[in-house]
Amino acid sequence: MARRASIVGTGLIGASVALALRAHGWHVSGVDRDEAHAADALAAGVVDAIGLDPDSELVVVAVPVSSVADAVRDALAACPRATVTDVGSVKAPIVAAVADDRFVGGHPMAGSEQDGLKGADANLFNGATWVLTPTDGTDPERYADLRATVSSIGADVVELRPERHDALVALVSHVPHLTAATLMGIAASRAEEHATLLRLAAGGFRDMTRIAAGHPAIWPDICAENRDAILDGLDALTAALAQVRATVAGGDRAGLLERLEVARAARINLPARIATADALVEVRIPVPDRPGVLAEVTTLAGELDVNIVDLEIAHSAEGDRGVLIVTIDARAADRVCDELRARGYHPAATPVLL
């Protein structure tokens, strides 16, 4: 029998999740505050039915961040068996507003310049980072199942605490978007005076401002919900730009070259996905049966920038202990095990055999 899911919000991300799940055999229902959008999703074959399916085992909420908490609570009430997650790019206020062990905050770091159904793609999440934010109250079994589902549609899962997620995403997503939009606005205003300016805007300019083509309506909510972290990022950026300005104004060629070389090296060394399965180890971690253990271990990996390729929970016959089994990059095994031991755990790592 097909597994059943519901999608709340049939825009770009919601529709892409629906298509990805259907490609893996799920029966997917969809609901949207605009009934015409839900009807279009049904007609396009994005969903199998309209409405919240009360038999869903998974509900994915894909609405603007200011509406997520209410939509999650509605889904929890309407679908009593379901694990509920969301796709909002702000996590701390949402997670704080929904205290339920069936809810896990989520954020797929994927998108498109296209809006709505016309941009929906079952392969949108292949190779994309998908952040999950388990807390001390998260149900471990539900979390493990959700993580496996997200991985099954091609995403690389990273576990972070909600507050840590918001601080990092402000720096790598929210501030860059505002920067690109601002730079694009400057170019557009000057193009009114110099008609050839935008004709010259090729190469690096187009690459840097590509994200400014994203749907603007979501950004007022994001900036309101993650205001403090975004302001910190903007302050750091403006301070750094002031330093660059001073370097250029002073004709400091060596200082400018050093700054550019540091940036180039950091860009080249951005992490890539693990390419081969023979570089993996399985870390078995005996854990007590208490709230927060799963979140502590998984978010530790996220803080160490270590990708968990797979995760499994094995229960003990005694009932008060179990074993958390995580598969990670072999090069990170010693670091992860050392940190776990420092926190009182007793991990054991073994190579994954093909």
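Our structure is the block above this text.
Residues numbered from 1 in each chain as written. Predicted model: local features only at pLDDT ≥ 70, side-chain atom pairs only at ≥ 80, totals over all residues. Heavy atoms only, no water.

A.B. asks: Give me the lowdown on the overall build of the protein, citing residues and values where you can.
C.D. replies: Summing up its helical and strand segments, the protein has 12 helices and 12 strands in all. Expected size for 354 residues packed as a compact globule is a radius of gyration near 20 Å; at 22 Å, the protein falls within 12% of this value. In the protein, of all internal contacts separated by at least 6 residues, the share reaching a separation of at least 24 is 68%. Of the accessible surface of the protein, which amounts to about 18,400 Å², a share of 55% is contributed by carbon and sulfur atoms. Looking at charge distribution, the protein has the averaged site of its 31 positive side-chain charges lying 5 Å from that of its 49 negative ones. (Helix = DSSP H or I, 4+ residues; strand = E, 2+ residues; numbered from the N terminus. Rg over C-alpha atoms; globule rule 2.2 N^0.38 Å. Contact = heavy atoms within 4.5 Å. Areas by Shrake-Rupley, 256 points an atom, 1.4 Å probe, with all protein chains shown as cover. Lys, Arg positive; Asp, Glu negative; His and termini not counted. Charge placed at Lys NZ, Arg CZ, Asp CG, Glu CD.)

A.B. asks: Go over the pairing of strand E6 (residues 103–108) with me, naming the residues and quoting the values.
C.D. replies: Taking burial as the measure, the six residues of E6 include six buried ones, the bulk of the element. Along E6, one buried face is formed by Phe103, Gly105 and His107 and the opposite face, lined by Val104, Gly106 and Pro108, is buried too. Of the pairings in the sheet, the one linking strand E5 (residues 83–86) to E6 comprises two bridges and is parallel in character. Counted as the bridge partner of Thr85 is Val104 from E6. (Buried < 20%, exposed > 50% of the residue type's maximum accessible area, 1.4 Å probe, protein only. Pairing = 2+ DSSP bridges.)

A.B. asks: Give me the lowdown on the packing of helix H6 (residues 162–191) against helix H9 (residues 227–249), citing residues and values where you can.
C.D. replies: It is at 8 Å that the axes of H6 and H9 come closest, and there the two elements cross at 60°. Considering the angle they form, H6 stands oblique to H9. Of the two possible hands of crossing, H6 and H9 adopt the one that is right-handed. Facing H6, whose interface residues are Asp166, Ala167, Ala170, His174, Val175, Leu178 and Thr179, H9 presents Ala229, Ile230, Gly233, Leu234 and Leu237. Here the contact of H6 with H9 is composed, by residue class, of eight nonpolar, three polar and one charged. (Axes fitted to C-alpha atoms, helices over the stretch in contact; angles between N-to-C directions. Parallel < 35°, antiparallel > 145°, perpendicular 65-115°, else oblique. Left-handed = near helix turned anticlockwise from the far one by under 90°. Nonpolar A, V, L, I, M, F, W, Y, C, P; charged D, E, K, R; others polar.)

A.B. asks: So, the sheet that holds strand E8 (residues 156–159): which residues are in play, and what are the values?
C.D. replies: What the eight strands build is an open sheet, ordered E3-E2-E1-E4-E5-E6-E7-E8; its pairing is mixed. The sheet terminates laterally at strand E3 (49–50) and E8, the two strands that pair on one side only. Judged from the four bridges that link them, strand E1 (residues 4–8) and strand E4 (residues 58–61) form a sheet pairing that is parallel. What sits directly across from Val8, in E4, is Val61.

A.B. asks: Account for the side chain of Glu159, with residues named and values stated.
C.D. replies: If you trace the backbone, Glu159 turns up in strand E8. What makes Glu159 buried here is its relative accessible area of 1%. Among the polar contacts made by the side chain of Glu159, one reaches the side chain of Arg147 at a distance of 2.6 Å. Glu159 has contacts with Leu132, Pro134, Tyr143, Arg147, Thr298, Thr299, Gly302 and Ile308, leaving out every residue within four places of it along the chain. (Polar contact = N/O pair within 3.5 Å; in protein donor to acceptor, adjacent residues only side chain to side chain.)

A.B. asks: Pulling in residues and values, what's your account of the nonpolar core?
C.D. replies: If you look at the biggest cluster of nonpolar residues, it comprises 53 residues, and the most contacted ones within it are Leu21, Trp130, Ile285 and Ile328. Among the elements that line this core, the one with the most residues is helix H1 (residues 12–23), at seven residues. With sequence-adjacent residues up to four places away left out, Ile328 is seen in contact with Ala279, Leu280, Val281, Val283, Val306, Asn307, Ile308, Ala333 and Val336. Ranked by size, the runner-up nonpolar core spans 24 residues in total, among them Val65, Cys79, Ala170 and Ile230. (Core = buried A, V, L, I, M, F, W, Y, C linked by side-chain atoms within 4.5 Å.)

A.B. asks: Which residues make up helix H12 (residues 333–342), and what values go with them?
C.D. replies: Buried within H12 are the following residues: Ala333, Val336, Cys337 and Leu340. When H12 is viewed along its axis, its buried side chains cluster within an angular range of 95° and face the same direction. More than 90 degrees from the buried face of H12, the exposed residues found are Asp334 and Ala342. In this fold, the buried residues of H12 make contact with strand E9 (280–288), helix H11 (293–303), strand E11 (321–329) and strand E12 (348–351). (Arc of directions from axis to C-beta.)

A.B. asks: Can you lay out the environment of Ile222 for me, pointing to particular residues and giving the numbers?
C.D. replies: By secondary structure assignment, the location of Ile222 is in helix H8 (residues 219–225). Ile222 gets classed as buried once you look at its relative accessible area, which sits at 5%. Taking the C-alpha atoms as reference points, Ile222 and Val65, separated by 157 residues in sequence, lie 6.6 Å from one another. Apart from the residues lying within four places of it in its own chain, the contact partners of Ile222 are Val65, Ser89, Val90, His174 and Ile230.

A.B. asks: Explain the packing of H9 against helix H10 (residues 253–268) to me, using residue names and the numbers behind them.
C.D. replies: Direction vectors running N to C along H9 and H10 enclose 140°, while the axes themselves pass 8 Å from each other. Regarding the angle of H9 to H10, the classification is oblique. The element H9 and its partner H10 pack so that their crossing is left-handed. Residues Ala240, Gln243, Val244, Thr247 and Val248 of H9 form the contact with H10, whose own contacting residues are Gly255, Leu256 and Arg259. Residues that form the contact of H9 with H10 fall into these classes: four nonpolar, three polar and one charged.

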